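Structural characterization, general
So you can see what is in the structure, the chains are spelled out below.
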Amino acid sequence: MLRYLILSILWLSPFAAASSVTPAQLLSAYWVDNSPGLDISGLTFCHGTLLAVSDKNSSEIYALELSPSGAALKAYQQVAGLAIPEEAPGGFLAALSQAIRPDTAMDFEGISCDSDGVYLVSERYSRIAQLTVDGAAWLAGDWAFQVRRQGYLQKVNAGTEGLVRIGSDFWVAMEREPRGLLHLPAGGEAQVFPIPAVAGLDFRGRAEDITGLAHYDGALFTLERNAFAVCRRALRDLRAEWCIDYRAIEESPEFVYMETRYGKGEGLAVDASGIYVVLDNNNVGRAADTADKRALLLHLAFPAEVR
């Protein structure tokens, strides 16, 4: 409770927006083979391997293999034994989700990893699953009801969009209207935090959103898609220490997709080599070659002042 109060006070502080926003520097870009139709929705590093999850295929996770000649999705592990949660939510949103896709479509939107396995967050069911060598199972904890009472997770296809495991805790990104961060401490109560604003980030009239999370070097990294930004945020108060803006890269003639109403960044991973952002193009072709519907992976540098 004390941490929640401290974070709330800091978020309301007039100094909460103090940080720098700089243009992103592109290190490499990869058109991802084997990705059309999958809509990659999450990234994470797992023991040195870059893993990816698709919101269109609930039956497996992928390894994203990079080479000087390009990138490709490869089958990594099956998601076996994961049934519909017994506490699956009901009501209008559940009925609308059922009309869009079957119950067995988990709509995985985030992925994380530690020594105990791989973790997936289902936007469909607002639950976290653990994947081990023995199969997959839902973790205990039905936090969706509590979160909805606070005004979050109110829209279909705009719910849980990112996941990261930090120690024994989870952080979950809640996409938009409103966006927020959900902290699930081990053995404690779920805590919801608004995301401190950043002066200089421009969402250009689009919904302020968050679609990916990563943890590196003691900080939480957030993918703020409609601002075309990645921010490094301090875990103690969630204020941004710096952000990079990659809009000029995503919307350049070389990379831009045919549909540009919203940003397309969905998955985020960070390691010592830099920041990786994968774009979910919703199976839409790129403007320079409309038949090419592959996902795009961007490898971005840390800001010059922090390298």
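Thresholds, definitions, all that
- Residues numbered from 1 in each chain as written.
- Predicted model: local features only at pLDDT ≥ 70, side-chain atom pairs only at ≥ 80, totals over all residues.
- Heavy atoms only, no water.
- Helix = DSSP H or I, 4+ residues; strand = E, 2+ residues; numbered from the N terminus.
- Buried < 20%, exposed > 50% of the residue type's maximum accessible area, 1.4 Å probe, protein only.
- Contact = heavy atoms within 4.5 Å.
- Areas by Shrake-Rupley, 256 points an atom, 1.4 Å probe, with all protein chains shown as cover.
- Phe/Tyr/Trp six-rings, centres within 6.5 Å; stacked < 30°, edge-to-face > 60°.
- Lys NZ or Arg CZ within 6 Å of the ring centre and 35° of its normal.
- Pairing = 2+ DSSP bridges.
- Axes fitted to C-alpha atoms, helices over the stretch in contact; angles between N-to-C directions.
- Core = buried A, V, L, I, M, F, W, Y, C linked by side-chain atoms within 4.5 Å.
- pLDDT = per-residue confidence, 0-100.
- Disulfide = S-S within 2.5 Å.

**Describing the overall build of the protein chain**
- The number of helices and strands found in the protein chain is four helices and 21 strands.
- Counting the 307 residues in the protein chain, one finds 54% classified as buried.
- In the protein chain, once contacts between residues fewer than 6 apart in sequence are set aside, the share between residues at least 24 apart is 56%.
- Total accessible area computed for the protein chain in this model is approximately 13,100 Å², and 53% of it derives from carbon and sulfur atoms.

**Considering the packing of aromatic side chains**
- On inspection of all chains with the given rule, the structure shows ten aromatic pairs.
- Here the aromatic rings of Phe-45 and Tyr-276 are separated by 5.5 Å at their centres, their planes lie at 75°, and the arrangement is edge-to-face. Residue Phe-45 is found in strand S3 (residues 40-46), and its partner Tyr-276 is found in strand S20 (residues 274-279); the two are separated by 231 residues along the sequence.
- Residue Phe-45 is classed as partly exposed on the basis of its relative accessible area of 21%.
- Overall, the relative accessible area of 7% leaves Tyr-276 in the buried class.
- Plain terms: the ring middles of Phe-228 and Tyr-246 are 6.1 Å apart, the flat faces sit at 80° to each other, and that makes the pair edge-to-face. Residue Phe-228 is found in the loop between strand S16 (219-224) and strand S17 (229-234), and its partner Tyr-246 is found in the loop between strand S18 (240-245) and helix H4 (247-250); the two are separated by 18 residues along the sequence. The pair Phe-228 / Tyr-246 is uniform in exposure class, with both members buried.
- Stacked on the ring of Trp-31, the Lys or Arg Arg-286 has its end atom at 4.4 Å from the ring centre.

**A word on the sheet that holds strand S21 (residues 295-300)**
- One open sheet accounts for eight strands, arranged S3-S4-S5-S6-S2-S21-S20-S19; its pairing is mixed. Two strands lie at the open edges of the sheet, namely S3 and strand S19 (265-271), each paired on one side alone. Going across the sheet, the axis of each strand differs from the next one's by a mean of 30°, ignoring polarity.
- Across six bridges, S19 lies against S20 in antiparallel orientation. Along S20, the bridge assignment pairs Asp-271 with Gly-274.

**Notes on the nonpolar core**
- In this structure, Phe-221, Val-230, Tyr-246, Leu-268, Ile-275, Val-277 and Leu-300 are the most contacted members of the largest nonpolar core, which totals 23 residues.
- Those elements that place two or more of their residues in this core are S16, S18, S19, S20 and S21.

**Points about the confidence of the model for the protein chain**
- Of the residues in the protein chain, 88% have a pLDDT of 70 or more, and the chain-wide mean is 90.
- Low pLDDT (under 50) marks residues 9-17, which in the prediction has 15 contacts with non-local residues, meaning those over four places away or in another chain.

**Notes on the environment of Gly-159**
- Of note, Gly-159 is situated in the loop between helix H3 (144-149) and strand S11 (160-166).
- The sequence separation of Gly-159 and Val-172 amounts to 13 residues, and the corresponding C-alpha distance is 9.9 Å.
- With residues near it in sequence (within four places) discarded, Gly-159 still touches Glu-123, Leu-153, Ala-173, Met-174 and Glu-175.

**Description of the sheet that holds S17**
- Strand order across the open sheet formed by five strands is S1-S18-S17-S16-S15, with mixed pairing between neighbours. In the strand order of this sheet, the two ends are held by strand S1 (20-23) and strand S15 (212-216), each with one partner. Neighbouring strand axes in the sheet, compared pairwise and without regard to direction, differ in orientation by 20° on average.
- Examined bridge by bridge, S1 and S18 share four bridges and lie parallel to one another. Paired with Val-21 across the strands is Cys-243, a residue of S18.

**Some details on the state of the cysteines**
- Taken as a whole and assessed by the stated rule, the structure comprises two disulfides.
- Here Cys-46 is linked by a disulfide to Cys-113, with a sulfur-sulfur distance of 2.0 Å. Between Cys-46 and Cys-113, the disulfide has an S-S torsion of 45° and is therefore right-handed. Separated by 67 residues along the polypeptide, Cys-46 in strand S3 and Cys-113 in strand S7 (residues 108-114) bring together distant segments of the chain.
- Looking at Cys-46, the relative accessible area reads 4%, which means it is buried.
- Overall, the relative accessible area of 14% leaves Cys-113 in the buried class.
- The disulfide bridge from Cys-231 ends at Cys-243, spanning 2.1 Å between sulfur atoms. Of note, the bridge from Cys-231 to Cys-243 carries an S-S torsion of about 105° and is right-handed in sense. Of this pair, Cys-231 sits in strand S17 while Cys-243 sits in strand S18; the two residues are twelve residues apart in sequence, bridging distant segments of the chain.

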